[in-house]
Amino acid sequence: MKLDLLQKVRTDNPMILNIANSVTQSDVANGISAIGASPLMTNYDAELKTLAQMASGVCINIGTLDERQNELSKDLLKLALDFNKPVVLDPVGIGAVPERLAFVEDLFKVAKPTIIRGNAGEIASLVGVSWSAKGIDSIDEGQTKSVDEIAKACSKKFDCVTVVTGVTDTIATRDLISHTFNGNKIFTTRVGTGDMLSSIIAVFAAVSDGNYFEGAKMACLIFGLAGELVMTETPNIGPAAFSTRLLDQLYTINTEDIKRWGKYDE
Amino acid sequence: MKLDLLQKVRTDNPMILNIANSVTQSDVANGISAIGASPLMTNYDAELKTLAQMASGVCINIGTLDERQNELSKDLLKLALDFNKPVVLDPVGIGAVPERLAFVEDLFKVAKPTIIRGNAGEIASLVGVSWSAKGIDSIDEGQTKSVDEIAKACSKKFDCVTVVTGVTDTIATRDLISHTFNGNKIFTTRVGTGDMLSSIIAVFAAVSDGNYFEGAKMACLIFGLAGELVMTETPNIGPAAFSTRLLDQLYTINTEDIKRWGKYDE
Amino acid sequence: MKLDLLQKVRTDNPMILNIANSVTQSDVANGISAIGASPLMTNYDAELKTLAQMASGVCINIGTLDERQNELSKDLLKLALDFNKPVVLDPVGIGAVPERLAFVEDLFKVAKPTIIRGNAGEIASLVGVSWSAKGIDSIDEGQTKSVDEIAKACSKKFDCVTVVTGVTDTIATRDLISHTFNGNKIFTTRVGTGDMLSSIIAVFAAVSDGNYFEGAKMACLIFGLAGELVMTETPNIGPAAFSTRLLDQLYTINTEDIKRWGKYDE
């Protein structure tokens, strides 16, 4: 685990450009800021090229689509990759909503993202595996093995890093696989924690010197651990107080916390 | 009062589809989630039919209109009713802004919502009664009787359940009327609490087996009581801390709380 | 310093109309509400004229541009000035993004705003001075003198009040200059505090009887002091808890607090 990436985020202060889920964009922007990076959200095609060049990492979230934004997402994906910037895709809801899957398939005709992060149902739908999902929620799976297979299949199919989040987070390339185990079930009760993680993956990808697998691992570890630490300190809080404390934990979490409490394989 | 609807929300976890007020959509989504349902916000016509079919309830909020969203609202209203899903309309600002009232009149040419929730000024404007309102704010009326009449008139005119919120919440069909009395004046200082209630009415309507009057009553009772309990426990907090605690109270409130503290007639 | 403007805000409860940064609009709306005014956000051209007439002050924020909103901003600027309403412009990001500067130059062909608030890099770009800026962030400058010159130059060029915010806030007309010194560096870690201040400047401008210089001074003083008081009371909190407490401090701050703790020249 490349623990020094956390310090690198705080030193480099990378700018992360987002096409955001409009519902959760305030939490996402503040999550990016809390961990030590600079958020920028755009919906303006005139500035897309300038911002893609300025950015150190990009996150495209499809939580709230519309026709105009879909075109922007395609343009931004292409521009960012042309400038060698890592692009995280968060395919919100494609496991349950065929029209969202159709858009992602359209998007992939333009280019493939560097990293894809979703729950098991979303990633399964990308590789044509059926998976029982309810709405767009996460799945509490007991089937880690098949999640591993789906993650690897996705990475192979789209030549990307794949992150499948749930009770355990699974990070895969076509050849490598890794898991992070920190977290807490309260994450599922606060809207937009998945969106936050996707943008934080873009933060760590941005400082990873091209080692996006390691960047994604660190993002999952830190995000899950931050939430776990909050619930250890204040076990009886609800989702809204959790959200505030999670942001502030991201602001203060350090390498010592990870060394002491982090749970991950390899 | 059908107290068992609260448990039904938590067991069934209904998906509530929203055309949202963009300013308050994060609070609204988290309010839906806190009470035990699943929020989804959309602005994407391609997915509207799929989502209307998946949803258990719908809320259309006109707090931030634009031409494209207006067309979506019309389409969603029709689709949802065709699929027999209850639709709550929150006609934000129609008491003060004629162009918003004009849009609602347009919308009603397509179909009538199942439930309308507004403040006295908004509901009065729907039935052609003049009512002194300041901007889009709630009115502290001392005239319960005439609120009852306006609520009933609205229900009769549009064949819907009408909810008029204020110090007292009034829930009416053309024949029935009921009131809930819990609440606290701090609700008026936090932007979007009315929007939250409208979507929570959709939550309870979704599990009411078609008894939308009872669903709306339970939503008003629980929402007002949750806020009242917060202010009883922490009487000196401001609107922002209130917002966090309100969400977390919605997450934990239970039938015993309602039996003990709920104030309502019949 | 016209301390009585604070009481005037709470008595008059002015309605402030915003074309908002979509990322931060919830915080901005709640900031306007906390200080004692009424927020309204619009993106709907049909209601623009009605709302411009109803409003007591206007804030146009360019943090999240798109073509349609750009046209709305032009229309609203003209309408509001025609109705003699003060208009605050927050030119987010123009120091770093040429396409945003281009839009502002376009906007200024329609009319000049009453007040412009930005960081030193943003205001410098408006008067053609180069200024080292990183992204759209504030600059910790040690060069108060040249900030003064830039602020005055901006006021002269556009015949407006200029507010340059940073460690010290600088408020200038072409002839007058003033500074407020309260604040805390945590402001820079919470996304949208600048946006909040811009809309709160519109609040105080709205009750200033046309003395926009004095209105802007009071807004900067109160906003900076509110944050400083939060950090004096709870020095170890993070940016998210700060945001909640800042809003609640704006809700309770009073003239006595300003007399006791306010730091400003002349």
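The name an unreviewed UniProt entry assigns to chain A is Hydroxyethylthiazole kinase, from the organism Companilactobacillus ginsenosidimutans. Regarding chain A, the UniProt comment filed under Catalytic activity (unreviewed entry) reads as follows: "5-(2-hydroxyethyl)-4-methylthiazole + ATP = 4-methyl-5-(2-phosphooxyethyl)-thiazole + ADP + H(+)". In the Sequence similarities (unreviewed entry) part of its UniProt record, chain A is described as follows: "Belongs to the Thz kinase family."

Listed as interface residues are 25 residues of chain B and, on the opposing side, 24 residues of chain C. For the pair chain B and chain C, the two sides together bury roughly 2,100 Å², of which 52% comes from carbon and sulfur. Asp66 of chain B is the partner of Arg68 of chain C in a salt bridge, and the nearest nitrogen-oxygen pair spans 3.7 Å. Taken together, the connections running from chain B to chain C amount to 8 residue pairs in polar contact (both at pLDDT 80 or more). The set of elements that each furnish at least two residues to the side of chain B that touches chain C consists of α4 (67-82), α5 (98-110) and α10 (239-252) of chain B. The leading source of residues in the side of chain B that touches chain C is α5 of chain B, at 4 residues.

A few words on the relation of the copies chain C and chain A. After a rotation of 120° and a shift along the axis of 0.0 Å, chain C superposes on chain A with an RMSD of 0.0 Å. Expressed as an axis order, the relation between the two copies is that of a three-fold axis. It is Ser22 of chain C whose C-alpha, among those of chain C, lies nearest the rotation axis, at 4.5 Å.

This part covers the pattern of salt bridges. Residues and elements named next belong to chain B. Throughout the structure, instances matching the rule amount to 39 salt bridges over all chains. Glu256 serves as the salt-bridge partner of Lys259, at 3.7 Å between the closest nitrogen and oxygen. Highlighted residues: Lys259 and Glu256, both in helix α11 (residues 255-261), separated by 3 residues, approximately one helical turn. A residue is classified by how much of its surface remains accessible, and Glu256, at 52% relative accessible area, is exposed.

This part covers the environment of Glu228 of chain B. Residues and elements named next belong to chain B. In this fold, Glu228 is placed in helix α9 (residues 212-233). By relative accessible area, Glu228 is classed as buried at 17%. Through-space distance from the C-alpha of Glu228 to that of Lys185 is 9.1 Å; in sequence the pair is 43 residues apart. Leaving out residues up to four positions away in the same chain, Glu228 has contacts with Phe181, Asn182, Gly183 and Lys263.

Right, let's talk about the sheet that holds strand β7 (residues 169-172) of chain A for a bit. All names here are of chain A. Within the open sheet, the 8 strands sit side by side as β2-β1-β3-β4-β5-β6-β7-β8. Their pairing is mixed. Unpaired on one side and paired on the other, β2 (38-41) and β8 (177-180) mark the two borders of the sheet. Averaged over all neighbouring strand pairs, the angle between strand axes comes to 20°, with direction disregarded. Direction of pairing for strand β3 (residues 57-61) relative to strand β4 (residues 87-90): parallel, over a ladder of 4 bridges. Looking at β4, one finds that Val58 is bridged to Val87.

For the structure on display, the rule yields 9 aromatic pairs over all chains. For the pair Phe187 of chain A and Phe242 of chain A, a centre-to-centre distance of 5.2 Å together with 85° between the ring planes defines the contact as edge-to-face. Of this pair, Phe187 of chain A sits in the loop between β8 and α8 (193-206) while Phe242 of chain A sits in helix α10 (residues 239-252); the two residues are 55 residues apart in sequence, bridging distant segments of the chain. Phe242 of chain A shares its class with Phe187 of chain A; the two are buried. Here Phe187 of chain C and Phe223 of chain C contribute two aromatic rings whose centre-to-centre distance is 5.2 Å and whose plane-to-plane angle is 40°, an arrangement assigned as tilted. Here Phe187 of chain C is found in the loop between β8 (177-180) and α8 (193-206), whereas its partner Phe223 of chain C is found in helix α9 (residues 212-233), with 36 residues between them in sequence. The exposure class of Phe187 of chain C is buried, given its relative accessible area of 11%. Take Phe223 of chain C: its relative accessible area is 5%, and that puts it in the buried class.

The rules behind the values
- Per-chain numbering applies: the sequence of each chain, read as written, is numbered from 1 onward.
- Working convention: letters from A go to chains and numbers from 1 go to ligands, in the order in which they are written.
- Totals for whole chains, interfaces and linings use all residues, but because this is a predicted model, local features are given only for residues with pLDDT of at least 70 and pairs of side-chain atoms are given and counted only at 80 or more.
- Side-chain metrics rest on all non-hydrogen atoms present in the structure, leaving aside hydrogens and water.
- UniProt positions are given in the numbering used here, feature names are shortened, and annotations may be inferred rather than shown by experiment.
- The contact definition used throughout considers only heavy atoms, calling two residues in contact when any of these lie within 4.5 Å.
- A simple way to read buried area is as the amount of 1.4 Å-probe accessible surface that goes missing from two parts once joined, with both sides added.
- Salt bridges are defined as contacts in which a side-chain nitrogen from Lys or Arg sits within 4 Å of a carboxyl oxygen from Asp or Glu.
- For the purposes of these results, a polar contact is taken to be a pair of N or O atoms within 3.5 Å, where, inside protein, one atom must be able to donate a hydrogen and its partner to accept one; residues adjacent in sequence count only when each atom of the pair is a side-chain atom.
- A run of H or I in DSSP becomes a helix once it reaches four residues, and a run of E becomes a strand once it reaches two; helices and strands are each numbered from the N terminus.
- Alignment of copies: least-squares fit on C-alpha atoms of residues with pLDDT of at least 70 in both copies.
- Whether a residue is buried, partly exposed or exposed follows from its accessible area with a 1.4 Å probe, protein chains only, as a fraction of its type maximum: under 20%, in between, or over 50%, in that order.
- If DSSP finds at least two bridges between two strands, the strands pair.
- In this analysis an axis means a line fitted to C-alpha atoms, helices contributing only their contacting stretch, and an angle means the value between N-to-C directions, from 0 to 180 degrees.
- Any pair of Phe, Tyr and Trp rings, taking the six-membered ring for Trp, is counted once the centres come within 6.5 Å. Such a pair is stacked with planes under 30 degrees apart, edge-to-face with planes over 60 apart, and tilted for the rest.

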